[in-house]
Amino acid sequence: MKILQILPELNEGGVERGTVELNREFVKQGLTSFVISNGGKLENQINIDGGKHIKFDSCSKNILTLFSRVTKLKKILEEHNPDIIHVRSRVPAWLVYFANKNLNIKVVSTVHGFNSVSFYSRIMTKANAVICVSNSIKEYIQKNYNTPEEIITIIPRGIDLELFNPLNIDKEFIKSFKKEYNLEDKFIISSVGRVTQLKDYETFIKAVNIVKKDIPNVVALIVGGVRSDKEDYLNSLKELIKNLDLKDNIIFTGSQAKVSEIYSLSNVVISSSKKPESFGRAVAESIAMNTAVIATNHGGVKDIIIENENGFFFEVGDEKELASKIRESKKLSFDGYTYISNTFSLDNMLKKNLEVYKKVI
């Protein structure tokens with residue numbers, strides 16, 4: 001089977017990581033794997049893992065270049081003749097829709113998020129099969145687009161259980177990381193994700209300020225990159241930290257490659273997103289590392305967290321409730337690795353994706 005995945009870029013993010021992981025697993029299965037994107041940090045990994053990355057502008061929303069790109073994409077599809085095209089975002093889906101008109105290659109889409117309801121977004125439901133990463137996403141597209149039940153499959157994002165395994169952590173990294181940021185004997189709260197308004201780091205910071213009264217050794221880590229267009233937002237967060245006198249309690253670490261180690265060294269992980277997460281990969285990864293998670297009470301995370309067992313929920317923007325749950329999290333102890341292995345494994349995701357491909361072929 002020849003499988004072609006297409007997405008806008010291959011930088012950091014759950015969609016990108018999922019694409020890279022599936023590419024690697026397809027190759028292990030003896031399948032032919034192509035990935036089309038506009039490139040990025042992870043593009044070389046596709047080739048390293050035995051697939052083939054094809055650089056193509058599947059990112060730009062410029063309508064003036066649409067037809068020249070459609071023509072180019074059609075040539076790529078004719079040359080590689082895949083059995084399945086797996087579209088992972090709206091721009092690639094539209095490009096494939098036009099390029100595939102006379103080729104009639106089977107198309108599978110994955111709806112990764114709660115995109116705005118529009119004609120533009122509807123394209124993600126115009127495929128031979130539609131994969132939803134959570135029950136929340138399935139309900140969303142059925143409500144807004146009347147997507148037929150028979151073409152939908154729920155496939156949660158798979159967690160790499162080799163990488164997110166408490167037995168496989170890099171202890172030397174943890175030792176040096178703790179030394180670098182003076183984290184010894186600290187109560188560590190982490191939030192992992194790009195620095196953007198949607199992550200609502202204001203509520204996270206305000207909750208830390210409340211918790212500090214009861215847990216004076218608290219240190220919060222904000223782990224994620226900052227795009228150039230988000231520098232003003234980052235500066236506003238730094239101003240808030242200054243005003244609350246939290247400069248010794250909150251650390252921006254930037255992007256970190258050793259994410260599993262960050263989860264492992266944390267006492268609790270927070271997901272304070274204003275917008276519902278389509279799945280909540282960071283939540284599942286944290287739990288796999290036996291670290292409790294507190295998340296806003298909406299979206300795909302509701303499929304993952306078992307309240308009072310491996311985490312808690314709080315209402316969007318409620319720093320007092322978040323602070324209360326942080327205190328409560330100290331009592332939790334659980335085998336998260338086994339739970340995630342049984343429910344959200346990468347093997348399970350791979351198996352279900354292949355079942356969908358075979359069904360549409």
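Placed above this text is the structure.
All values derive from a computational prediction rather than experimental measurement.

About the criteria used
- Residues numbered from 1 in each chain as written.
- Predicted model: local features only at pLDDT ≥ 70, side-chain atom pairs only at ≥ 80, totals over all residues.
- Heavy atoms only, no water.
- Pairing = 2+ DSSP bridges.
- Helix = DSSP H or I, 4+ residues; strand = E, 2+ residues; numbered from the N terminus.
- Axes fitted to C-alpha atoms, helices over the stretch in contact; angles between N-to-C directions.
- Contact = heavy atoms within 4.5 Å.
- Buried < 20%, exposed > 50% of the residue type's maximum accessible area, 1.4 Å probe, protein only.
- Phe/Tyr/Trp six-rings, centres within 6.5 Å; stacked < 30°, edge-to-face > 60°.
- Lys NZ or Arg CZ within 6 Å of the ring centre and 35° of its normal.
- Parallel < 35°, antiparallel > 145°, perpendicular 65-115°, else oblique.
- Salt bridge = Lys/Arg side-chain N within 4 Å of Asp/Glu carboxyl O.

(A) Spatial organisation of the sheet that holds strand β2 (residues 32-37). One open sheet accounts for seven strands, arranged β3-β2-β1-β4-β5-β6-β7; its pairing is parallel. Strand pairing shows two members of the sheet lacking a second neighbour, β3 (52-55) and β7 (152-154), which therefore form its edges. Here the strands of the sheet are splayed against their neighbours by 20° on average, with no regard to which way each runs. Here strand β5 (residues 106-111) pairs with strand β6 (residues 129-132) via four bridges, running parallel. Paired with S109 across the strands is V130, a residue of β6. Relative to the sheet, helix α4 (residues 90-99) contacts β1 (2-6), β4 (84-87) and β5, its axis offset from that of β4 by approximately 145°.

(B) Quick look at the pairing of β4. Alternating positions in β4 separate into two faces, I84 and H86 on one and I85 and V87 on the other, with burial throughout. With four bridges connecting them, β4 and β5 associate as parallel partners. The partner of I84 across the bridge, within β5, is K106.

(C) Fine view of the packing of aromatic side chains. This structure, assessed with the given rule, holds 12 aromatic pairs. Ring plane angle 25° and centroid distance 6.0 Å describe the contact between W94 and F98, whose orientation is recorded as stacked. Of this pair, W94 and F98 both sit in helix α4, four residues apart, roughly one helical turn. A residue is classified by how much of its surface remains accessible, and W94, at 15% relative accessible area, is buried. Seen from their ring centres, F177 and Y181 are 4.8 Å apart, and the 55° between their planes marks the pair as tilted. With a relative accessible area of 18%, Y181 lands in the buried category. One aromatic cluster is present, built from ring pairs that chain together F67, W94, Y97, F98 and F119. Over the face of the ring belonging to F187 we find K330, whose NZ or CZ atom lies 5.4 Å from the ring centre.

(D) Region of the structure containing the environment of G40. Secondary-structure assignment places G40 in the loop between β2 and α2 (43-48). Given a relative accessible area of 26%, G40 falls into the partly exposed group. Along the chain, G40 and E9 lie 31 residues apart, while their C-alpha atoms are 5.9 Å from each other. Discounting chain neighbours no more than four positions away, the residues touching G40 are L10 and N11.

(E) Up close: the packing of helix α1 (residues 14-28) against helix α14 (residues 346-360). Contact pair α1 / α14: the axes reach a minimum separation of 11 Å and the direction vectors enclose 75°. Compared by their axis directions, α1 and α14 come out roughly perpendicular. In this structure, α1 uses E21, L22, R24, E25 and F26 to contact α14, whose residues at the interface are L346, M349, L350, N353, L354 and Y357.

(F) View of the sheet that holds strand β10 (residues 250-252). Taking strand neighbours across the sheet as the criterion, the six strands line up as β10-β9-β8-β11-β12-β13 in an open arrangement whose pairing is parallel. Since the sheet does not close on itself, it has two edges, and those belong to β10 and β13 (311-314), each with one partner. For this sheet the average axis-to-axis angle between neighbouring strands, irrespective of direction, equals 20°. One ladder, built from three bridges, connects strand β9 (residues 218-223) with β10; its direction is parallel. Pairing of A220 across the sheet is with I250, part of β10. In the packing of helix α12 (residues 319-329) onto the sheet, the strands contacted are β8 (187-192), β11 (268-271), β12 (292-296) and β13, and the crossing angle to β13 comes to about 170°.

(G) Structural context of the pairing of β8. Among the six residues of β8, five are classified as buried, and the element is accordingly described as predominantly covered. Here β8 runs beside β9; their pairing, made up of six bridges, is parallel. Counterpart to I188 in the pairing with β9 is V219. Pairing of β8 with β11, which is carried by two bridges, proceeds in the parallel orientation. Paired with S190 across the two strands is V269, which belongs to β11.

(H) Broad picture of the pattern of salt bridges. Scanning the entire structure with this criterion turns up 14 salt bridges. One salt bridge in this structure joins R24 and D160, with 3.1 Å as the shortest N-O distance. Here R24 is found in helix α1, whereas its partner D160 is found in the loop between β7 and α7 (171-180), with 136 residues between them in sequence. A residue is classified by how much of its surface remains accessible, and D160, at 11% relative accessible area, is buried. Where salt bridges share partners, they join R17, E21, R281 and E285 into one cluster.

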